[in-house]
Amino acid sequence: MSIQPADALAPVQEPDQVLELAHRAARALVRAVSQNEAQYVVQLGQNRHLRFEAWQTLGAFFSVTASIEWTRPVENGWEARAVVRRGDHVVSTAEAQCTADEPGWSAKPGFQLRSMAQTRAAAKALRQALAWVVVLAGYQPTPAEEVEGAAVPLNTFAADTAQNTVAAASPGNAATDAQRRAIWAKWQKLAREAGFEPGPDGLRALVRARYGVNHSRDLTRAQAHELLDFLSSAQPHEVAQAVRTAQEEASQHAT
């Protein structure tokens, strides 16, 4: 017996009920994002794109989570595959890359390229499942990590003063207290695991080398976001190497 087209296209759920639930999720997403738009939204012209954390929040509304299935090196960077699941059911999958030939990424170490490849893949997989709800909320369906020309530049002491001035924090875009507490907590944990003193000096050296500022309170929200991403994805030995490099740069700069 053949399946008739009408049977094949019959909705599993009542469309009005599906739309009502989607609109409720969209309204809740707008409320969550509006509490900290600097953290969740990237404005490109008239378009507003959501960062990965906002996609995660939306995923939680539908009990779906994204996880990384694998990462692998590619020419000049890394590639990753993400899987979105609801319980044991696979909802969507996606792959993404981050390479050193992209604007703003040429000076960044491999582990950051690998981390961004994972973030992009996870956001893309969530997009495939939930973009229609994001559009209902009034945002663009493409995650911010895919469309940003570059994340926060990786500044060093050789960076010009004008660049650091542009990136300097102002009262409206300064790192939040919650971000600074999270940075400190992740820093202490990684420092202990790396086998060195989890005091403020190492963290300050890292912040100074990466962003050209003397303290985490001088970071912008975007810079704090990037630093948290680094501390969350890096291995202890990678953090130790980053701190040693920062301290060596500080010593060379002092002489």
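The structure reproduced in this document is the subject of the present report.

Each value, and the rule that gives it
Residues numbered from 1 in each chain as written. Predicted model: local features only at pLDDT ≥ 70, side-chain atom pairs only at ≥ 80, totals over all residues. Heavy atoms only, no water. Helix = DSSP H or I, 4+ residues; strand = E, 2+ residues; numbered from the N terminus. Buried < 20%, exposed > 50% of the residue type's maximum accessible area, 1.4 Å probe, protein only. Areas by Shrake-Rupley, 256 points an atom, 1.4 Å probe, with all protein chains shown as cover. Patch = residues over 30% accessible without salt bridge, like charges linked within 9 Å, V, L, I, M, F, W, Y side chains within 5 Å. Salt bridge = Lys/Arg side-chain N within 4 Å of Asp/Glu carboxyl O. Axes fitted to C-alpha atoms, helices over the stretch in contact; angles between N-to-C directions. Left-handed = near helix turned anticlockwise from the far one by under 90°. Contact = heavy atoms within 4.5 Å. Nonpolar A, V, L, I, M, F, W, Y, C, P; charged D, E, K, R; others polar. Pairing = 2+ DSSP bridges. Core = buried A, V, L, I, M, F, W, Y, C linked by side-chain atoms within 4.5 Å. Expected span 1.5 Å × (residues − 1). Bend = angle between axes of the 7 residues up to and from the residue. Phe/Tyr/Trp six-rings, centres within 6.5 Å; stacked < 30°, edge-to-face > 60°. Lys NZ or Arg CZ within 6 Å of the ring centre and 35° of its normal. Parallel < 35°, antiparallel > 145°, perpendicular 65-115°, else oblique.

1. As for the overall build of the protein
So, point 1. Regarding its fold elements, the protein presents eleven helices and five strands.
So, point 2. When each of the 255 residues of the protein is scored for burial, the buried share is 40%.
So, point 3. Per element, the accessible surface of the protein, about 13800 Å² overall, is 50% carbon and sulfur.

2. Details of a nonpolar patch on the surface
So, point 1. Together, Leu-19, Trp-132 and Leu-136 make up a nonpolar patch on the protein surface, roughly 260 Å² of accessible area in all.
So, point 2. You can see Leu-136 is positioned in helix α5 (residues 110–136).
So, point 3. Judged by relative accessible area, which is 35%, Leu-136 ranks as partly exposed.

3. Observations concerning the packing of helix α2 (residues 15–34) against helix α4 (residues 52–61)
Any two packed helices are characterised by how steeply their axes cross, that is the angle between the axes, and by the distance between the axes.
So, point 1. Contact geometry for α2 and α4: axes closest at 10 Å, N-to-C directions at 140°. Both α2 and α4 take part in a crossing whose hand is right-handed. Listed contacts from α4 to Ala-25, Ala-28, Leu-29, Ala-32 and Val-33 of α2 are Ala-54, Thr-57, Leu-58 and Phe-61.
So, point 2. Residue classes in the contact of α2 with α4 are distributed as eight nonpolar, one polar and no charged.

4. Some words on the sheet that holds strand β4 (residues 77–86)
So, point 1. On the basis of which strands lie adjacent, the open sheet formed by three strands has the order β3-β4-β5 and antiparallel pairing. Each edge of the open sheet carries a strand with a single partner, namely β3 (65–74) and β5 (89–99). Pairwise comparison of adjacent strand axes, ignoring direction, gives a mean angle of 20° for this sheet.
So, point 2. Pairing of β3 with β4, which is carried by nine bridges, proceeds in the antiparallel orientation. By the bridge assignment, Thr-71 is partnered in β4 with Ala-80.
So, point 3. With respect to the sheet, α5 is in contact with β3, β4 and β5, its orientation differing from that of β5 by roughly 145°.

5. Quick notes on the nonpolar core
So, point 1. Counting 34 residues, the largest nonpolar core has Leu-29, Leu-50 and Tyr-139 as its most contacted members.
So, point 2. Elements represented by at least two residues in this core include exactly α2, α4, β4, β5 and α5.
So, point 3. For this core, the element with the most residues is α5, which contributes twelve residues.
So, point 4. The residues touching Leu-50, leaving out its near neighbours within four places in the chain, are Leu-29, Val-33, Tyr-40, Val-41, Trp-55, Val-134, Tyr-139, Pro-143, Ala-144 and Glu-145.
So, point 5. In this structure, Ala-224, Leu-228, Phe-230 and Val-239 belong to the second largest nonpolar core, which totals 21 residues.

6. A word on α5
So, point 1. An ideal rise of 1.5 Å per residue puts 39 Å on 27 residues; α5 measures up with 37 Å between its terminal C-alpha atoms.
So, point 2. Remark: the principal bend of α5, roughly 75°, maps to Leu-130.
So, point 3. Phi turns positive, to about 95°, at Gly-138, one or two residues after α5.

7. Details of the packing of aromatic side chains
So, point 1. Considering all chains together, one arrives at zero aromatic pairs under this definition.
So, point 2. Geometry around Trp-105 places Lys-108 over its ring, the cationic atom sitting 4.3 Å from the centre.
So, point 3. The side chain of Arg-114 reaches across the aromatic face of Trp-78, ending 4.5 Å from its centre.

8. Comments concerning the pattern of salt bridges
Note on pairing: side chains with opposite charge can pair once their charged atoms come close.
So, point 1. The full count for this structure, using the stated rule, is eight salt bridges.
So, point 2. Glu-20 serves as the salt-bridge partner of Arg-27, at 3.8 Å between the closest nitrogen and oxygen.
So, point 3. We classify Arg-27 as partly exposed; its relative accessible area is 42%.
So, point 4. Taken together, the salt bridges that share partners define one network made up of Glu-69, Arg-81 and Glu-95.

9. Regarding the packing of helix α8 (residues 177–194) against helix α9 (residues 200–211)
So, point 1. Relative to each other, α8 and α9 sit at 115°, their axes nearing to 10 Å. Between α8 and α9, the crossing angle belongs to the class labelled roughly perpendicular. For α8 against α9, the interelement crossing comes out right-handed. Across from Ile-183, Trp-184 and Trp-187 in α8, the residues of α9 making contact are Pro-200, Gly-202, Leu-203 and Leu-206.

10. Digging into the pairing of strand β1 (residues 41–44)
So, point 1. Across four bridges, the pairing between β1 and strand β2 (residues 47–50) is antiparallel. Its bridge partner lying in β2, Leu-44 is registered against Asn-47.

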